[in-house]
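Overview (structure and organization)
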Amino acid sequence: ITIGLCAAATAAFAQQRPVVTQDPEPVGSGKMLIDLGVDYSKGAVYPLSGLTGNLTRFGTFDLIFGVSPVAEIQLDGGFHDQLNITARNPLAPLASVVTATGTTTGDVEDGVIGAKIRLLHETKGRPSLAVRFSTRLPNSKHDSGLGQDTTDFAFGFLSGKSGKQWRVVGNMGFAIMQDPVHDGIQNDVLTYGGSVARKLSK
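Worth saying up front: this structure is predicted, and the values here are computed from it rather than measured.

1. A look at a nonpolar patch on the surface
Among the surface-exposed residues, Met32, Ile34, Leu36, Phe65, Val67, Ile73, Leu75, Ile113 and Leu137 lie close enough to one another that they form a single nonpolar patch of about 790 Å² accessible area. Of the residues forming the nonpolar patch, the biggest block, three residues, is contributed by strand 2 (residues 32-46). Mapped onto the elements of the fold, isoleucine 113 is located in strand 6 (residues 111-120). What makes isoleucine 113 partly exposed here is its relative accessible area of 43%.

Structure below.
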C-alpha cells in the first residue's frame, strides 16, 4: 500500500501530471526501468484555457536508465492526452487561442527529461540522500487548450529511510516556471512531497 502527498507552495498555471514522489535510490548501473499506463482524471480543470472535462492520457510512460551505481537518466511523458470537454470559461487568460470548437480536444503530453544522483547511502542511523534536476519540454500547445507551451526547470533533494516493514521518502526543492501569459516573467515555487509504503508480505 502506498500513500502519497504532494503540493506546491504557490498557485501556478501548471497543467501537467501530478508531481510523483521520487525515491533517492537509483535503478542501478546498466539497468532500465519502464512504466507504461493509461491515466484517467474526472473533472480535470485547465485554468489557462478555461476548459473543464474528463481527461484520458493514453500511453503514459516513465523510462529510467541506470548510467552508474549512483546515477540515472529519466524520461517521462505520454503519447496522447484527450479531454472530453464539459465546460468552458471564456474569461480564462488564453481562452481566445483555443481552436477546439467541439466537445473533445487532444494533444501530445509534455515531456520531462531529468537526472538523479545519489549522494549518500542509507545506513542504520542515516537516511539516503540524492539530488534530482529536470526540465519540462513544451510539447503540448496553447491551441489545444491542454498545454502551457513553456519550459520549466526543477531541482530538489530526495531522502529515504527503510524499516522492517516501512519505507518513508521525502522530497524538497524548487521549480522555475516560465509564465505562459506574460513574456519575460517566471514563477519560482517551492515543491515538496512525501510517501509512505508498507510491505504486506514477503
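2. Side note on the nonpolar core
Membership of the largest hydrophobic core is limited to nine residues, which are Ala44, Tyr46, Leu51, Leu55, Leu83, Ile85, Val98, Ala100 and Leu146. Contributions of two or more residues to this core are made by strand 2, strand 3 (51-68) and strand 4 (71-88).

3. Topic: unusual backbone geometry
Even without being glycine, aspartate 149 reaches a positive phi, approximately 60°. Residue position: aspartate 149 is located in the loop between strand 7 (128-137) and strand 8 (152-162).

4. A look at the environment of arginine 167
Positionally, arginine 167 belongs in strand 9 (residues 166-178). In this structure the C-alpha to C-alpha distance between arginine 167 and threonine 56, which are 111 residues apart in sequence, comes to 31 Å. Those residues in contact with arginine 167, other than ones at most four positions away along the chain, are Asp23, Pro24, Glu25, Glu122, Ser128, Gly160, Lys161, Ser162, Ser195, Val196 and Ala197. Of note is the side chain of arginine 167, whose polar atom sits 2.8 Å from the side chain of serine 162.

5. With respect to the pairing of strand 2
Pairing of strand 2 with strand 3, which is carried by twelve bridges, proceeds in the antiparallel orientation. Within strand 3, the position partnered with methionine 32 by the bridge is phenylalanine 65. The turn linking strand 2 back onto strand 3 is made up of four residues, and glycine 50 within it adopts a positive phi angle of 80°.

6. Re the packing of aromatic side chains
In this structure the tally under the stated criterion is three aromatic pairs. Judged by centre distance (5.4 Å) and plane angle (45°), the ring pair of phenylalanine 61 and phenylalanine 79 falls under tilted. Here the residue phenylalanine 61 occupies a position in strand 3, and phenylalanine 79 occupies one in strand 4, the gap between them amounting to 18 residues. Residue classification places phenylalanine 61 among the buried residues on the basis of a relative accessible area of 14%. Ring geometry for phenylalanine 155 against phenylalanine 157: centres 5.5 Å apart, planes inclined by 85°, an arrangement best described as edge-to-face. Put simply, the rings of Phe155, Phe157 and Phe174 pair up and form one aromatic cluster.

7. With respect to the side chain of arginine 136
Among the structural elements, arginine 136 can be located in strand 7. Since its relative accessible area comes to 4%, arginine 136 is described here as buried. Looking at arginine 136, its side chain comes within polar contact range of the side chain of aspartate 110, at 2.4 Å. A polar side-chain atom of arginine 136 sits 2.6 Å from a polar atom in the side chain of aspartate 152.

8. Description of the pattern of salt bridges
In this structure the tally under the stated criterion is eleven salt bridges. Across the salt bridge formed by glutamate 109 and arginine 57, the nearest N and O atoms sit 3.5 Å from each other. Separated by 52 residues along the polypeptide, glutamate 109 in the loop between strand 5 (104-107) and strand 6 and arginine 57 in strand 3 bring together distant segments of the chain. The same class applies to glutamate 109 as to arginine 57, namely buried. Here aspartate 149 makes a salt bridge to lysine 141, at a shortest N to O gap of 3.2 Å. We classify aspartate 149 as partly exposed; its relative accessible area is 32%. The partly exposed category is assigned to lysine 141, whose relative accessible area is 34%.

What counts and how
Residues numbered from 1 in each chain as written. Predicted model: local features only at pLDDT ≥ 70, side-chain atom pairs only at ≥ 80, totals over all residues. Heavy atoms only, no water. Patch = residues over 30% accessible without salt bridge, like charges linked within 9 Å, V, L, I, M, F, W, Y side chains within 5 Å. Areas by Shrake-Rupley, 256 points an atom, 1.4 Å probe, with all protein chains shown as cover. Salt bridge = Lys/Arg side-chain N within 4 Å of Asp/Glu carboxyl O. Helix = DSSP H or I, 4+ residues; strand = E, 2+ residues; numbered from the N terminus. Buried < 20%, exposed > 50% of the residue type's maximum accessible area, 1.4 Å probe, protein only. Core = buried A, V, L, I, M, F, W, Y, C linked by side-chain atoms within 4.5 Å. Contact = heavy atoms within 4.5 Å. Polar contact = N/O pair within 3.5 Å; in protein donor to acceptor, adjacent residues only side chain to side chain. Pairing = 2+ DSSP bridges. Phe/Tyr/Trp six-rings, centres within 6.5 Å; stacked < 30°, edge-to-face > 60°.

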